[in-house]
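This is what each chain is made of:
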Amino acid sequence: MTNRAEAVVNLSAIKANVATLKAKAGVDLMAVVKADAYGHGLVPVAKAALDGGATWLGVALLEEAITLRAAGITAPILAWLVPPGSDFQSAVDNNIDIAVASIKALDEVSAVKCSKRPRVHLEVDTGMTRGGFLDEWPKIDALHLHGVEIVGIFSHFARADEPGQPQNLSQLNRFKKMVASLESFGYPHLIRHLSNSAATLVDEASSFDMVRTGIAMYGLSPDVKTLGTSKGLGLIPAMTLRAKLHLVKKVPAGSPVGYGATAVTESATKLGLVAMGYADGIPRVAQSAGVSFLGEKAPIIGRVSMDQFVVDLGADSTAQSGDWVTVFGSGADGEYTSDDWGAASGSINYEIVTRIGPRVPRIYEL
Ligand SMILES: *Cc1c(COP(=O)(O)O)cnc(C)c1O
């Protein structure tokens, strides 16, 4: 069976990006592979990242971590969105480190019956006001901690993609204080980790013992406006999304296109029907993005449908029904990028790549 659309993932790019980021940070690197490796494919990306020099893997869900273990991966794995009531026994049985952010979770993890103590990283809220211990932090004492092995302490930046933003320094300082208070209970060798991709790229002071990189490892800039493009950052975008033109047809000027006839052709042109839609993660709200054919851009015209959208190829296009077009890629050959698609839909590259749906096969290039 041949595909009508595919996400081609370049695993060498992942490897190279990990090596670049690790050299930049000068400390251990945790490859963040949650959400099916930001849509790139959990297990192949995890293996490539480990080949590239990552020593840890980070995921949100326990299921993601267990999938990695089932694939034979033995590197340390941290899962940080494992709420009270979860199957902590499976986490321990699979040698998965758990992030804990509440006394309730800490008590449940401590209660797991096993020969060795469960491995825990304490997540602390340093100012993002999302995950992590905040009000309960002063209540934690050695008694709460004796049932687990405290491996690390970590926090997460809210604004690391805005270098110089005072909140970054304030989060860093709060992190140092919270680390010191934990160390005072007699935990001198904790793995301290704070930086995401943006901080890894621009804030060396926050690297501590390990950085947790997601988006940059996929070759994408955390924010093109504030940090520059992938290329400027020395990163190689790993995913190219391509699809077939189901149909190419000539239409006259004044043709209303798609649901709601929200666009009308200005002149006679050739339209291409791209075999992907919002069921595949193409944002319905996207207006100013499109595809490219042989390096020529063809913008979206009309509304994106569930399985298809229409592009304006131009009257002189040589594209034919059945030809492949590039939806997004690195931009090196004149194609749109995931940054362009993010901007066109009021979102960010993270969401564009992560939401590519399960109907789109991932094809791996070495
Ligand atoms: C997703 C996530 C990261 C990675 O963030 P990027 O901006 O993609 O590098 C790091 N740490 C935590 C806790 C996360 O949830």
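Everything numeric here is computed off the predicted structure, so don't read it as measured data.

This part takes up the site of the ligand. As a structural note, the neighbourhood of the ligand is formed by Val32, Lys34, Tyr38, Trp80, His156, Asn196, Ser197, Arg212, Thr213, Gly214, Ile215 and Tyr350. Between the ligand and the protein, one listed contact pairs an oxygen atom with a side-chain N or O atom of Lys34 at 2.7 Å. Residue Ser197 places a side-chain N or O atom 2.5 Å away from an oxygen atom belonging to the ligand. Coverage of the ligand by the protein amounts to 92% of the 390 Å² it exposes when considered alone. When residues of the shell around the ligand are traced back to their parent elements, those giving at least two are helix H2 (34-38) and strand E9 (210-213). Across the shell around the ligand, the residue classes tally to five nonpolar, five polar and two charged.

Going through the model one piece at a time under the given rule, you end up with six aromatic pairs. The interplanar angle of 75° and the centroid separation of 6.0 Å between the aromatic rings of Phe309 and Trp341 together place this pair among those described as edge-to-face. In this pair, Phe309 is assigned in strand E16 (residues 309-312) and Trp341 in helix H11 (residues 338-344), connecting sequence segments 32 residues apart. Given a relative accessible area of 1%, Phe309 falls into the buried group. Residue classification places Trp341 among the buried residues on the basis of a relative accessible area of 1%. An aromatic cluster of at least three residues, connected via ring pairs, comprises Tyr38, Tyr218 and Tyr350. Against the face of Trp324 rests Arg242, its NZ or CZ located 4.0 Å from the ring centre. Over the aromatic face of Tyr336 sits the side chain of Lys297, whose NZ or CZ is 5.1 Å from the ring centroid.

So, how was this worked out
Residues numbered from 1 in each chain as written. Predicted model: local features only at pLDDT ≥ 70, side-chain atom pairs only at ≥ 80, totals over all residues. Heavy atoms only, no water. Near = heavy atom within 4 Å. Polar contact = N/O pair within 3.5 Å; in protein donor to acceptor, adjacent residues only side chain to side chain. Areas by Shrake-Rupley, 256 points an atom, 1.4 Å probe, with all protein chains shown as cover. Helix = DSSP H or I, 4+ residues; strand = E, 2+ residues; numbered from the N terminus. Nonpolar A, V, L, I, M, F, W, Y, C, P; charged D, E, K, R; others polar. Phe/Tyr/Trp six-rings, centres within 6.5 Å; stacked < 30°, edge-to-face > 60°. Buried < 20%, exposed > 50% of the residue type's maximum accessible area, 1.4 Å probe, protein only. Lys NZ or Arg CZ within 6 Å of the ring centre and 35° of its normal.

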